[in-house]
Amino acid sequence: MTKRMIIMLILAGVVFGAVFGMKWFGNKMMVDYIETMPIPPVTISTTTGQRYTWENRVEAIGNLVPVQGADISTDVGGIITELHFESGDRVEKGAPLVTLDSDTERGELRRLQAQAELAKLNLERRQKLYKLEAISKSDLDAVKAEADAAQAAMQSQAARIAQKAIRAPFAGQLGIRQVSTGQFVAAGTPLVTLQSLDPIDVDFSLPEQYLADISAGLPVTVTVEAYPGDVFEGTVLAVEPRVDEATRNVRLRARLANADLKLRAGQFGQVQLRLPGEQNVLAVPRTAINYSSYGASVFVVTGDREAAQQEGGEPLTVSQRFVRLGPSRGDFVAVTEGLEADDEVASSGLLKLRNDQPVVINNEIQPDAELAPTPANT
């Protein structure tokens, strides 16, 4: 019985060993085939880095703000009796805008004027009596205080009446009228917006690394989507004396000429700030850069190009190399680290490439790359 059991176990071991052996052998043959299977080459176009001397400038997104701008409102409530403007009018400083009903206040002013005149007459009489030593100094002082109080009350009432006439605090362009004649408005009700647009300011921020290079007086240019062909020029007006702790950016304000009033407060624009000096850079087309979450890289062509063109020669391959990028101009981007001027890099077909990927170079069709592209506005 024991001998029969041993024979059965031996036979089972042989069977299972044969099964697992065949499985291992099949997997090994498949892996060997895949590893030795030739990798088809990928057709790419190539380029080399080019040396440029670029203006030392930096770009940012800016917000246009008026030199002076306010929503005109009233200090006191009342009924509008007159409107002295139309929507969109240009006005000078001090021009009347809105008049509120002030009949009640004017009646009160006449009463206070009469009281002030009476108090003045009483003071003059008391002064004559004091000179005759008919009254004491305290009596004269009391009458003088009454006269001063009456005069102050009259001036206070006149100031309240002046509040009923709203005038332009500065020259500029009015917006859309928010009220109508006969309407009652409470204190603080917006009446119309007034914006001074010529010149106009643009606010933008830069990283703190540029602090050593920026100062008031540097030239700036601004472009806006509303006028894609126009460039608006100006100069830096001021640099914020502190760096924002949350963003580590420093805020700048530049002033632009705006005689034709094309620019409006609230628009955003693309700002280019010209810094002192120039930059000597090594640049490649943007299409040669492989962007990913772990960094930017290029695929450098390796191998003997002449030998690869001969029959049976070793094909060209590519090697992925990580690079550090600098500023960009149009379709080009500067490479500050990781690339030499004579390195040939792939400029198209990057999605199909990996390390040691065989390639075939065809430069008959190259992606367009310009330093100042002017694409059609679609």
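Since the model is a prediction, treat every value here as computed from it, not as a measurement. (Residues numbered from 1 in each chain as written. Predicted model: local features only at pLDDT ≥ 70, side-chain atom pairs only at ≥ 80, totals over all residues. Heavy atoms only, no water.)

1. Some points on the overall build of the protein chain
- Along the backbone of the protein chain there are four helices and 20 strands.
- Relative to a compact globule of 378 residues, whose C-alpha radius of gyration would be 21 Å, the protein chain shows 42 Å and is clearly more extended.
- Reported as C-alpha extents along the three principal axes, the dimensions of the protein chain are approximately 150 × 75 × 45 Å.
- Across the 378 residues that make up the protein chain, the buried fraction comes to 30%.
- Contacts in the protein chain between residues far apart in sequence, at least 24 positions, make up 75% of those at least 6 positions apart.
- Carbon and sulfur atoms provide 53% of the accessible area of the protein chain, an area that totals close to 23700 Å².
- Put simply, the protein chain has 37 plus and 48 minus side-chain charges, and the middle of one group is 8 Å from the middle of the other. (Helix = DSSP H or I, 4+ residues; strand = E, 2+ residues; numbered from the N terminus. Rg over C-alpha atoms; globule rule 2.2 N^0.38 Å. Buried < 20%, exposed > 50% of the residue type's maximum accessible area, 1.4 Å probe, protein only. Contact = heavy atoms within 4.5 Å. Areas by Shrake-Rupley, 256 points an atom, 1.4 Å probe, with all protein chains shown as cover. Lys, Arg positive; Asp, Glu negative; His and termini not counted. Charge placed at Lys NZ, Arg CZ, Asp CG, Glu CD.)

2. Quick look at helix H3 (residues 137-162)
- The first and last C-alpha atoms of H3 sit 38 Å apart over 26 residues, in line with the 38 Å expected at 1.5 Å per residue.
- Among all positions of H3, only Leu140, Val143, Ala147, Ala150, Met154, Gln157 and Ile161 are buried.
- As for H3, its buried residues are in contact with helix H2 (103-131) and strand S7 (165-167). (Expected span 1.5 Å × (residues − 1).)

3. Brief notes about the pairing of strand S18 (residues 332-337)
- Summarising the sheet, strand S14 (residues 268-285) and S18 pair through three bridges and their orientation is antiparallel. Its bridge partner lying in S18, Val284 is registered against Val333.
- The pairing of strand S17 (residues 316-329) with S18 spans four bridges and is classified as antiparallel. Note that in S18 the partner of Ser328 across the bridge is Val333.
- Following S17, the chain reverses through two residues before pairing antiparallel with S18; Gly330 in that reversal takes a positive phi of roughly 60°. (Pairing = 2+ DSSP bridges.)

4. A short note on the environment of Val98
- Along the polypeptide, Val98 turns up in strand S6 (residues 96-100).
- The class for Val98 is buried, based on a relative accessible area of 2%.
- In sequence terms Val98 and Tyr227 are 129 residues apart; their C-alpha atoms lie 35 Å from each other.
- Among residues more than four places away in sequence, those in contact with Val98 are Ile80, Glu82, Leu83, His84, Phe85, Lys164, Ala165, Ile166 and Leu191.

5. Some thoughts on the packing of H2 against H3
- Their axes nearest at 8 Å, the elements H2 and H3 cross at an angle of 160°. Considering their axes alone, H2 and H3 lie roughly antiparallel with respect to each other. Where H2 crosses over H3, the handedness of that crossing is left-handed.
- Class assignment of the residues belonging to the contact of H2 with H3 gives a composition of 14 nonpolar, six polar and eight charged. (Axes fitted to C-alpha atoms, helices over the stretch in contact; angles between N-to-C directions. Parallel < 35°, antiparallel > 145°, perpendicular 65-115°, else oblique. Left-handed = near helix turned anticlockwise from the far one by under 90°. Nonpolar A, V, L, I, M, F, W, Y, C, P; charged D, E, K, R; others polar.)

6. With respect to the packing of aromatic side chains
- Summed over all chains, the structure comprises three aromatic pairs.
- Judged by centre distance (5.7 Å) and plane angle (65°), the ring pair of Tyr294 and Phe322 falls under edge-to-face. Of this pair, Tyr294 sits in the loop between strand S15 (290-292) and strand S16 (295-302) while Phe322 sits in strand S17, and the two are 28 residues apart along the sequence.
- Above the plane of the ring of Tyr227 lies Lys262, whose end atom (NZ or CZ) is 5.2 Å from the centre. (Phe/Tyr/Trp six-rings, centres within 6.5 Å; stacked < 30°, edge-to-face > 60°. Lys NZ or Arg CZ within 6 Å of the ring centre and 35° of its normal.)

7. Re the nonpolar core
- Counting residues in each nonpolar core, the largest one holds 24 residues, and the members touching the most others are Phe204, Leu206, Ile214, Val220, Leu252, Leu256 and Leu273.
- The set of elements that each furnish at least two residues to this core consists of strand S3 (50-73), strand S10 (190-207), strand S11 (219-224), strand S12 (227-243), strand S13 (249-256) and S14.
- Considering each element in turn, this core owes the most residues, five residues, to S10.
- One finds Val98, Leu100, Ile166 and Leu191 within the second-largest nonpolar core, a separate group that totals 16 residues. (Core = buried A, V, L, I, M, F, W, Y, C linked by side-chain atoms within 4.5 Å.)

8. Considerations on a nonpolar patch on the surface
- A cluster of nonpolar side chains, contributed by Ile6, Ile10 and Val14, occupies part of the molecular surface with about 280 Å² of accessible area.
- Within the secondary structure, Val14 is located in helix H1 (residues 2-36).
- Using a relative accessible area of 53% as the deciding quantity, one classes Val14 as exposed. (Patch = residues over 30% accessible without salt bridge, like charges linked within 9 Å, V, L, I, M, F, W, Y side chains within 5 Å. Salt bridge = Lys/Arg side-chain N within 4 Å of Asp/Glu carboxyl O.)

9. Remarks on a positive patch on the surface
- A contiguous patch of positive charge on the surface is contributed by Arg125, Arg126, Lys128 and Lys131.
- Along the polypeptide, Arg125 turns up in helix H2.
- Looking at Arg125, the relative accessible area reads 46%, which means it is partly exposed.

Keep in mind these values describe shape, not function.
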